[in-house]
There are 2 protein chains.
Amino acid sequence: MEGSPPLLSPAEADRRLRAAGVRVTAQRRAVYEALAADPLHPTVEAVHSRLKKNWPSLPLPTVYRIVEDLAVAGLIRRVASDGGPQRLDANAERHQHLVCRACGRMEDWTSAGLSGLSLPRSLPDGFSGETYDIRIVGLCRTCSAKAEARGIIPKRRKS
Amino acid sequence: MEGSPPLLSPAEADRRLRAAGVRVTAQRRAVYEALAADPLHPTVEAVHSRLKKNWPSLPLPTVYRIVEDLAVAGLIRRVASDGGPQRLDANAERHQHLVCRACGRMEDWTSAGLSGLSLPRSLPDGFSGETYDIRIVGLCRTCSAKAEARGIIPKRRKS
DNA sequence: ATCTCATATGATAATAATTATCATATGGAA
DNA sequence: TTCCATATGATAATTATTATCATATGAGAT
Ligand SMILES: [Zn+2]
Ligand SMILES: [Zn+2]
Ligand SMILES: [Zn+2]
Ligand SMILES: [Zn+2]
């Protein structure tokens, strides 16, 4: 139902950590696995909750630090959102995002059309573009159904 | 040098506020004008600072409330960023963003090619797309120059 | 123009999100 | 194994944002 995003193999993950000068620890592996298992771009808090069962003692500040380490090593990245706590992404393949303006749900989306889009060669002001990301904003299936039932749904305060 | 983004006329701004059931006050006008004068997608804190001169008594929590009101009324919006404090945008015209991964600078960019992009008609999962936004990520002129001088610039912690 | 009252502001406190500090533990090189 | 630079766990501090509440004010009705 909820397909996990393509994650790195444990060996490859370890290799990237070491390549970035980040030591491989059980906690880092656990945080990475928790992230890789969640396709909905969880917050740090959500990752911490998910880890409660197997790592009841892992403190939230440590999860924050590890998230930063994993990002530095390129195993995960922070994904753009309209305020609120940072949202994380362990999906290693190039993809775009569908963002629900009502509930904040964010799911991955891979489109040949959009993903093949190339950067304009000339950008203003000497800006040197390296990549781009696209957010498609609208209503997810659930909120879309609600909207149909009750009329328009207003924009939520925070995503 | 730093062109202010297209802002609403005072009359139009007032009209939209009243239409949304938001009273027109001197403070709300001041916050809107401060935002409209800043093309770099300031944080709430930055707007507050900018207002210090003419509104030394306006407290930060009030600026937060007013920003929320202006967003509800559609005078401004929150713009997507990779964590950190929310960034605001008073530019009323359809546009995209150039984001510097080194310093977090975010500038507007209007491209006929990208802005004319139309949403794919079929999105997965019953998601109903309404709009999209594109972030072009790279290095701004300043950081680009630094990179040329010293070699690669690493990704900054927060944008 | 004055009255009225629902709503905004200003002052302040509280909460949420994130980062810092530091003593102890441990990965991994020698 | 020994060693040491770095990670964790515990905790405090800081930053970002929201809540509360007494007073002030916008704007509709007299
Ligand atoms: Zn939704
Ligand atoms: Zn994603
Ligand atoms: Zn820059
Ligand atoms: Zn903008």
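Residues numbered from 1 in each chain as written. Chains lettered and ligands numbered in written order. Predicted model: local features only at pLDDT ≥ 70, side-chain atom pairs only at ≥ 80, totals over all residues. Heavy atoms only, no water.

Peer 1: Account for the interface of chain B and chain A, naming residues and giving values.
Peer 2: Taken residue by residue, the interface counts 41 residues in chain B and 41 residues in chain A. In total, about 3500 Å² of surface goes out of reach between chain B and chain A, with carbon and sulfur atoms giving 56% of it. Of all residues in chain B, Asp125, Phe127 and Glu130 of chain B bury the most surface against chain A, accounting for 16% of the area lost on that side. Linking chain B with chain A are four salt bridges. In this structure, arginine 101 of chain B and glutamate 130 of chain A form a salt bridge, with 2.7 Å as the shortest nitrogen-oxygen distance. Our enumeration of links across chain B and chain A arrives at 13 residue pairs in polar contact (both at pLDDT 80 or more). (Contact = heavy atoms within 4.5 Å. Buried area = accessible area lost by both parts, 1.4 Å probe. Salt bridge = Lys/Arg side-chain N within 4 Å of Asp/Glu carboxyl O. Polar contact = N/O pair within 3.5 Å; in protein donor to acceptor, adjacent residues only side chain to side chain.)

Peer 1: Report on the coordination of the zinc ion (ligand 3), specifying residues and quantitative values.
Peer 2: For a metal bound by four donors in tetrahedral geometry, the ideal donor-metal-donor angle is 109.5 degrees, whereas six donors in octahedral geometry ideally sit at 90 or 180 degrees. Residue and element names in this part refer to chain B. Around the zinc ion (ligand 3), the protein contributes the donor atoms Cys100 (SG), Cys103 (SG), Cys140 (SG) and Cys143 (SG), at 2.3 to 2.4 Å from the metal centre. Seen from the zinc ion (ligand 3), its four donor atoms lie at angles of 106 to 113°, and the figure they make is tetrahedral. Sequence positions of the donors to the zinc ion (ligand 3) reduce to the motif C-x2-C-x36-C-x2-C. Linking cysteine 103 in the loop between strand S3 (96–100) and strand S4 (106–109) with cysteine 143 in helix H6 (residues 141–150), this pair joins segments that are 40 residues apart in sequence. On the basis of relative accessible area, cysteine 143 is assigned to the buried category, the value being 5%. (Donors = N, O, S within 2.8 Å, 3.2 Å for Na, K, Ca; no water. Tetrahedral: all angles 85-135°; square planar, octahedral: opposite > 155°, others 65-115°. Helix = DSSP H or I, 4+ residues; strand = E, 2+ residues; numbered from the N terminus. Buried < 20%, exposed > 50% of the residue type's maximum accessible area, 1.4 Å probe, protein only.)

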